[in-house]
Amino acid sequence: MNNFVFTNPTKLVFGKGQIARLAKLIPSDAKIMITIGGGSIFNNGIYNQVVDALKGRDWVEFRGIEPNPEFETLMKAVEEAKEKEIDFLLAVGGGSVIDGTKFIATAMHYEGDPWDFLLDERKAANAKATTLATVLTLPATGSEMNNGSVISRRAYGEKRAFHSANTFPLFSILDPEAIYSLPKRQIANGIVDTFAHTLEQYLTDGTEGSAMVMDRWAEGLLQTLIDIAPKLTVERMSYDAAANFMLTATMGLNGFVAMGVEQDWATHMIGHELTALHSLDHGITLAIVHPALMDVMREEKRAKLLQYGERVFGIKEGSEEQRIDKAIQATEMFYRSLGVKTRLSEHSIGESTVNEIVKRFTDRGWRVGERGIVTPEKVGEILRKAL
Ligand code: NZQ
Ligand code: ZN
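Remember, predicted model here, so these are calculated numbers, not experimental data.

Chemist: Please explain the side chain of Asp215 as it appears in this structure.
Modeler: Note that Asp215 resides in helix 9 (residues 212–228). On the accessibility criterion, Asp215 (10% relative accessible area) is buried. Asp215 has contacts with Tyr202, Lys304, Gln307 and Arg311, leaving out every residue within four places of it along the chain.

Chemist: Please clarify how the packing of helix 4 (residues 71–83) against helix 5 (residues 95–107) should be interpreted in this entry.
Modeler: Any two packed helices are characterised by how steeply their axes cross, that is the angle between the axes, and by the distance between the axes. The contact between helix 4 and helix 5 brings their axes to 9 Å, and the two run at 50°. By the angle between their axes, helix 4 is oblique relative to helix 5. Crossing angle aside, the handedness with which helix 4 passes helix 5 is right-handed. Along the contact surface, helix 4 presents Phe71, Leu74, Met75, Ala77, Val78 and Ala81, while helix 5 presents Gly100, Phe103, Ile104 and Ala107. Grouping the amino acids of the contact of helix 4 with helix 5 by side-chain chemistry returns nine nonpolar, one polar and no charged.

Chemist: What exactly am I supposed to notice about the site of ligand 1 here?
Modeler: For ligand 1, the set of nearby residues contains 32 residues, the closest of which are Gly38, Gly95, Ser96, Asp99 and Lys159. Gly38 places a main-chain nitrogen or oxygen 2.7 Å from an oxygen atom of ligand 1. For ligand 1, whose unbound accessible area comes to 960 Å², protein coverage reaches 89%. Residue assignment for the shell around ligand 1 shows that the elements contributing at least two residues are helix 5, strand 6 (148–153), helix 8 (184–200) and helix 11 (266–278). For the shell around ligand 1, the class distribution of residues is nine nonpolar, 20 polar and three charged.

Chemist: How should I be thinking about the coordination of the zinc ion (ligand 2) in this particular structure?
Modeler: For a metal with four tetrahedral donors the ideal donor-metal-donor angle is 109.5 degrees, whereas six octahedral donors ideally subtend 90 or 180 degrees. Coordination of the zinc ion (ligand 2) by the protein comes from Asp193 (OD), His197 (NE2), His268 (NE2) and His282 (NE2), over a distance range of 2.0 to 2.2 Å. Positions of the donor residues of the zinc ion (ligand 2), expressed as sequence spacing, correspond to D-x3-H-x70-H-x13-H. Of this pair, His197 sits in helix 8 while His268 sits in helix 11; the two residues are 71 residues apart in sequence, bridging distant segments of the chain. Exposure class is identical for His197 and His268. Each is buried.

Chemist: Please clarify how a nonpolar patch on the surface should be interpreted in this entry.
Modeler: On the surface, Met1, Phe4 and Phe6 cluster together into a nonpolar patch covering about 320 Å² of accessible area. Secondary-structure assignment places Phe4 in the segment before strand 1 (11–14).

Chemist: Would you explain the domain arrangement of the protein chain in this entry?
Modeler: Reports of interface size often rely on the accessible area that becomes lost once the parts have come together. Domain annotation of the protein chain identifies domain 1 (11–177) and domain 2 (184–385). One C-alpha centre belongs to domain 1, the other to domain 2; they are set 26 Å apart. At the interface, 24 residues of domain 1 touch 23 residues of domain 2. Regarding the contact of domain 1 and domain 2, the summed buried area is about 2,000 Å², with carbon and sulfur atoms giving 64% of it. Ranking the residues of domain 1 by area buried against domain 2 places Pro139, Lys159 and Pro176 at the top, with a combined share of 28%. Summed over the shared surface of domain 1 and domain 2, the number is one salt bridge.

Chemist: Is there a simple way to think about the nonpolar core in this case?
Modeler: One broad trend across soluble globular proteins is that nonpolar side chains are buried collectively. Ile104, Ile191, Leu199 and Tyr308 are the most contacted members of the largest nonpolar core, which totals 100 residues. Considering every element that reaches this core, the biggest residue donor is helix 12 (residues 282–296), with nine residues. Composition of this core by domain shows at least three residues from each of domain 1 (11–177) and domain 2 (184–385). Each residue touching Ile191, except ones within four places of it in the same chain, is listed here: Leu225, Ala229, Leu232, Phe245, Phe334 and Leu338. Grouped together as the second largest cluster of nonpolar side chains are 23 residues, Ile26, Ala53, Leu90 and Val92 included.

Conventions we followed
- In this convention, every chain numbers its residues from 1, walking through the sequence in written order.
- Chains carry letters and ligands carry numbers; both start at the beginning, A for chains and 1 for ligands, and go up in the order they are written.
- Only residues with pLDDT of 70 or above have their local features reported here, since the model is predicted, and side-chain atom pairs are shown and tallied only from 80 upward, although totals for entire chains, interfaces and linings are computed over all residues.
- Where side-chain values are given, they derive from all heavy atoms of the structure, hydrogens and water being excluded.
- Under the scheme used here, helices are H or I runs from DSSP no shorter than 4 residues and strands are E runs no shorter than 2 residues, and both carry numbers assigned from the N terminus.
- Buried means the residue's accessible area, taken with a 1.4 Å probe over protein chains only, is under 20% of the maximum for its type, while exposed means over 50%, and partly exposed covers the values in between.
- For this analysis, residues touch if any pair of their heavy atoms sits within 4.5 Å.
- For helices, the fitted axis covers only the stretch in contact; all axes are lines through C-alpha atoms, and the angles between them, taken along N-to-C directions, range from 0 to 180 degrees.
- Angles below 35 degrees are treated as roughly parallel, those above 145 as roughly antiparallel, those between 65 and 115 as roughly perpendicular, and all remaining angles as oblique.
- For any helix crossing, the convention is left-handed if the near helix is rotated counterclockwise from the far helix by under a right angle, and right-handed if that rotation is clockwise.
- Polarity classes work like this: nonpolar for Ala, Val, Leu, Ile, Met, Phe, Trp, Tyr, Cys and Pro, charged for Asp, Glu, Lys and Arg, and polar for all others, with Gly in that last group.
- The rule for a residue being near a molecule or strand is that one of its heavy atoms must lie within 4 Å of it.
- Here a polar contact is recorded for every N or O atom pair within 3.5 Å, except that within protein the pair must consist of a potential hydrogen donor and a potential acceptor, and residues adjacent in sequence are included only if both atoms are side-chain atoms.
- Calculation of accessible area relied on Shrake-Rupley with a 1.4 Å probe; when residues are assessed, cover is drawn exclusively from the protein chains displayed.
- Distances decide who is a donor: an N, O or S atom must be within 2.8 Å of the metal, or within 3.2 Å for Na, K and Ca. Water is not included, so sites may look incomplete.
- Patch membership requires over 30% relative accessible area and the absence of a salt bridge. Like charges are linked within 9 Å, and nonpolar side chains (Val, Leu, Ile, Met, Phe, Trp, Tyr) within 5 Å.
- Throughout this description, the term salt bridge denotes a Lys or Arg side-chain nitrogen within 4 Å of a carboxyl oxygen of Asp or Glu.
- By convention here, the domain bounds are inherited from an automatic or database domain assignment.
- Throughout, the accessible surface (probe 1.4 Å) given up by two parts as they are put together, summed over both, is called the buried area.
- In these notes, a set of buried Ala, Val, Leu, Ile, Met, Phe, Trp, Tyr and Cys residues joined through side-chain atoms within 4.5 Å is what counts as a nonpolar core.

This is the structure in structure tokens:
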């Protein structure tokens, strides 16, 4: 097991009706900016619940944060927040609104060009940030209980991440009823994203850093997702299924399963490039890349792939090679069962994109995966496997 320091300061406020507690959770003298996406919260009653809870408080709102939050849009919010001397940001939405709000929170205090954070994570590491909190409406990213933020800059064709010690939300309200209005596509994206986050912190080559309890924990998250996926239908979503989905997504990327273990994240790094170049939803990119990565990295990840196949999908029969094949197929079939396409060609993406992504990794000197084992050449192999 690797040495680690674990800290997670975010208070979770979980359950139905909890949005009403906002006024108690936000300091009474705060100058609040509510940050909002494209409008789903106006149709499902969440906006009204937030506004009711903040009656009599000093607040403004900023609307229009897009899925894959856009740098240019967020810079407008930064200007407004500075001008209005905002000292509390409340993100009401999915991962994009929350990530965008983390960017606003730090960019408000940065003297230089805030894109610096995205180009050089070290500049963001301890960046000062305005206090932020969230009301989550889409279980997927774990952003409600982590300090990560992923920002897109369409003019540059780029999508990049940063982390600051100061961008953990102060609190996050997780009301499972907020997700009843999710369309099928976003439910599927959220399940895939959570599954992929867990795999990124579990399915490694085992050279360094493994923890028995974290393996079992990760396998529990994966199995929960497989169990609840059929119950998360748009037509009939029970409170129990919604609640389990929400908690699983948060637990998938709040630092818990990462304790003492090695991590991969190559699938995410490759997936971000697919979104930057083709605007694919984040979850869709992961469903394309992950099965192909498992196949290309099967030698390095052999022991874990066998464990994953046996413990998560009950695959015990056959040679090692056959069991690994079955585990990869089971993963792809799980994603497809959610209605998610798992091949680049199904999105009319071909060899030229593969070459462009390999070039980007090469030019940036990126070697990803655990200890850099996924070289640009491997990235090319993975993407060709996913064609
Ligand atoms: O914008 P609105 O109108 O709210 O609609 C959104 C959006 O169109 C809609 N939606 C959200 N909640 C809803 C709802 N529709 C109906 N009912 C509700 N309750 O869903 C659409 C997608 O929302 P978005 O926030 O973009 O999705 P998600 O939560 O999947 O976030 C994706 C972004 O997070 C980043 C991704 O790269 C991507 O940019 N990630 C952030 C991470 C982090 N901070 O730790 C880690 C992840 O790996 C990921 O990279
Ligand atoms: Zn993700």
